[in-house]
Structure formats: C-alpha cells, structure tokens
Amino acid sequence: MTKFLASLLATSAALAVMTASAISAETPKKIGYVTNYATHEWYQNVIKGMQDRAGQLGIEFEVRDANLDVARMVSAAEDFMAQGVDVLIITPVNEEGAVPLVRRAKEDGVPLVLEGNPVSGMTTMVAICDYDTGYHAGVAAGEYARDKLGGVAKVMNVGLPLLSATVLRSNGFMDGLKTILPDATMVHDLDGGGNPDRSLEVSAAALAQNGDINIIYGINDSSSQGGLQAWKAAGKSQDGLLVVGTGGEGLGFINMMATEPSYQIEAAMFPEKVGFTSIDAAVKLFNNEAVPAHIVSPTTPMVGTDSWKQYYSVEGTTRTINWDTVNAVVPADKCMKTAADL
C-alpha cells in the first residue's frame, strides 16, 4: 500500500492546465484523508486527484485506509485530529459510523469535508448526484432498448442497498428508463455488495432462477462486470443484451467496452475530478468560506464503445483524464433526489 500511495504522487501534466475554481491565498499546511477502500480503482483515482491538487497548492497530504472497517476509519480520523491536521477529508465506510467523527471534528474545530456519502451534522460533502447519474444512464438505456432491443426492457439490477448513494442510482436508473419505456420492469433486484465476486455469485443465482432479462445495470463497475460474467458463465449470447456500468473507475470499464459487445453504456463519475474538488473544498473551509452542503461533481453517460475516448486517453496501464472535456460537463445546480427522499 505504501508503494501504491507513493506512486500516485506523480502529477499529471494535463492536470496542470486545468481551469479550477478560485482558491484563497491562504492554504492549509496539511490535509489528512481517510479513504474507505484504497485498493479500489475508484478511490485510487480519487486519491490521485487529491494528491495532484494538493501538490499544485503546496499542501502536505496524507492518506489512511480504513479498508471497509468502521473501527479503522474512526481510529485513523481521530489520529489525524490528534496530529493537528488543518483539514480532514473522510469517505465514510458507512454513514452511521461516521456520525461521532462529524461531532468530534466540530468540537475540536477541525474543518471536515465528506466525500461520497452524507452524514448527519456534516458541514459539506463533495459528491456526484447519485440519483441523477442513474437517471440519465436510464434514459440512455431506454433509448438504446427502444432502438435496438425491440422496445423491451427487463432489468437485472446488481445493486448495493447498504448505502443511500447506491440505492439512489438504482432508483434513478429505473425512473429514467421508464421515461422512454414506461413498461420497463425490474426482474431481479440484487445485493452485489459492490464487488465482482459477490456480484457474480448473486447474479448467477438469479439468472438460474429466471434468465428472462435483457439489461444488466450495475451500481458500480464491479457490479456490472460481475453481472455480465454470470451471464457469460451461463452460456448466454450477448445478442439482445445491454450492460450499463456506473463509475468509470479505472481501466476495467474501458477494457469491457472494447471487448464485450453488450457493454454499451457507462455512467461516468470522474473520480479524479471528485478528488480535485475535495481539496478545493478543504481549502475553502480552512478559510472559513461559505460552502454548500453538497458540492456537486459532474457525471454523464458515455454511450457507445468509443465514447470514453472523449474523456480519457490510455497508454499501457495508465489512463490520463482529458480535463478540457471533463470540465465542460456541467454539474447540476441541485440533485433531482437525495438520501432525504428515500
């Protein structure tokens, strides 16, 4: 892990020309980030965006990995606060477990930025609009199914009910799909755990029970890829199948779009942009600037096997974000629905 984190310190030349939001002259000396799962491609790229932006601003930046363990999240955050970091950023392992940390940070006067998921009592959170992300992917899927699947949409949702964010994505997907195809149905609503092994397991069991689906929707890339793997393992043809992923987390979805004929839509969430924006938010809090409760990071559906090339280039095992194109994706002023609507 140490070797991995060190390797992310290299700053992308493309990032240096990014047009960022205005930053106050005063910057914190040190920012601590507690990530929930640093071995995941999504968080690796979030970290890269944070490290790049912190490096540009001359801020010392340190990462601790909770590794999906609430106790480790709490311990790492408390250690950062005891060290006297100027700003703390946390991606919660779960929302309930982070509530005491939000309270503690306020008591100790430590500015706290949350990434990804809301927590009661928070000051601000940098995150996509999860419902909107699913919704717009659903609209794109509905248009695809209308034009190429005979107007039929029978969905296997490989979801994650543990987090409000992922529930919103699934709900948004079905709502968006039904704007195009009102008779669309959810045949299977699964808990894939957000990881490929669990997603494969539950998808295989569901397909064995009822294989009459033609759309696989995954709340992250691991979920969609696990669902497709189960489909292929069952010996089914990809003719007449649509797979929709979510995240654009790393190289996985790019490889899938290049090699799997059914993988035609990816709801891109641009993790590097999330990380970059989180550091900017931390600097604003450090300067006591007013910030919204939700700083929205943009998303957009990529439709078609080559659509990712607008936003990324790949050389070997390294992908580089195209900041000009990503910055042209305008975030919503307000999310269509949030966790409060669940």
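Reading guide: rules and limits
Residues numbered from 1 in each chain as written. Predicted model: local features only at pLDDT ≥ 70, side-chain atom pairs only at ≥ 80, totals over all residues. Heavy atoms only, no water. Phe/Tyr/Trp six-rings, centres within 6.5 Å; stacked < 30°, edge-to-face > 60°. Helix = DSSP H or I, 4+ residues; strand = E, 2+ residues; numbered from the N terminus. Buried < 20%, exposed > 50% of the residue type's maximum accessible area, 1.4 Å probe, protein only. Lys NZ or Arg CZ within 6 Å of the ring centre and 35° of its normal. Expected span 1.5 Å × (residues − 1). Polar contact = N/O pair within 3.5 Å; in protein donor to acceptor, adjacent residues only side chain to side chain. Pairing = 2+ DSSP bridges. Axes fitted to C-alpha atoms, helices over the stretch in contact; angles between N-to-C directions. Contact = heavy atoms within 4.5 Å. Parallel < 35°, antiparallel > 145°, perpendicular 65-115°, else oblique. Nonpolar A, V, L, I, M, F, W, Y, C, P; charged D, E, K, R; others polar. Left-handed = near helix turned anticlockwise from the far one by under 90°.

**Q** What is the right way to look at the packing of aromatic side chains in this model?
**A** Each pair of aromatic rings is reported with the distance of its centres and the angle of its planes. Scanning the model with the defined rule gives 6 aromatic pairs in all. Seen in terms of ring centroids, Y33 and F61 are 6.5 Å apart; in terms of plane orientation they differ by 20°. Their pairing is stacked. Placement of the pair is Y33 in strand β1 (residues 30–35) and F61 in strand β2 (residues 60–65), with a sequence separation of 28 residues. Residue class for Y33 comes out buried when judged on its relative accessible area of 0%. A cation sits over an aromatic face here: K236 above W231, 5.1 Å from the ring centre.

**Q** I'm lost on unusual backbone geometry in this one. Help?
**A** Trans is the prevailing form of peptide bonds, just as negative phi is the prevailing case for residues other than glycine. Even without being a glycine, L68 presents a positive backbone phi close to 65°. Within the secondary structure layout, L68 lies in the loop between β2 and α4 (70–83). Since its relative accessible area comes to 48%, L68 is described here as partly exposed. Not every positive phi belongs to a glycine, and N288 is a case in point at roughly 60°. Mapped onto the secondary structure, N288 falls in the loop between α11 (271–286) and β11 (294–296).

**Q** For this particular structure, what's the right way to read helix α3 (residues 41–57)?
**A** Note that an α-helix has 3.6 residues per turn; residues three or four places apart therefore point the same way. Here α3 is 17 residues long and its end C-alpha atoms lie 25 Å apart, about the 24 Å a rise of 1.5 Å per residue gives. The element α3 is largely enclosed, with a buried count of 12 among its 17 residues. Among all positions in α3, only W42, Y43, N45, V46, I47, K48, G49, M50, Q51, D52, R53 and A54 are buried. With its phi angle positive at about 75°, G58 sits one or two positions after the end of α3.

**Q** Where do I start with helix α8 (residues 196–209) in this structure?
**A** In a regular helix each residue adds 1.5 Å, so 14 residues correspond to 20 Å; α8 covers 20 Å between its end C-alpha atoms and thus fits that length. Sitting at the amino-terminal end of α8 is N195, which places a side-chain oxygen 3.3 Å from the backbone nitrogen of D197.

**Q** I would appreciate a short explanation of the sheet that holds β2 in the present structure.
**A** Strands pair in a sheet through their backbones, by hydrogen bonds, and they do so in one of two ways: parallel or antiparallel. Pairing within the open sheet is parallel, and its 6 strands lie in the order β2-β1-β3-β4-β5-β11. The open sheet has two edge strands, β2 and β11, and neither has a second partner. Taken over all neighbouring pairs, the strand axes of this sheet differ in orientation by 20° on average, direction set aside. Pairing of β1 with β2 involves 6 bridges; the strand directions are parallel. Opposite G32, over in β2, you have E62 as the bridge partner. In the packing of α3 onto the sheet, contacts are made with β1, β2, β3 (87–90) and β4 (112–115), and the angle to β1 comes to roughly 175°.

**Q** What exactly am I supposed to notice about the packing of α4 against helix α5 (residues 95–108) here?
**A** Think of two packed helices as two axes; the pair is described by the angle between the axes and how far apart they sit. Interaxial distance between α4 and α5 falls to 10 Å at its minimum, and their mutual angle equals 10°. In terms of their interaxial angle, α4 and α5 are classed as roughly parallel. From α4, V70, M73, V74, A77, E78 and M81 reach across to α5, where they touch G97, A98, L101, R104, A105 and D108. Looking at the contact of α4 with α5 residue by residue, the class counts come to 8 nonpolar, 1 polar and 3 charged.

**Q** Would you mind showing me how to read the packing of helix α6 (residues 130–148) against helix α7 (residues 164–180) here?
**A** Interhelical geometry of α6 versus α7 gives an angle of 35° and a closest axis separation of 6 Å. Seen from above, α6 lies across α7 with right-handed handedness. On α7, the residues touching D130, Y131, G134, Y135, A137, G138, V139, A141, G142, E143 and R146 of α6 are A165, L168, R169, N171, G172, F173, D175, G176, L177, T179 and I180.

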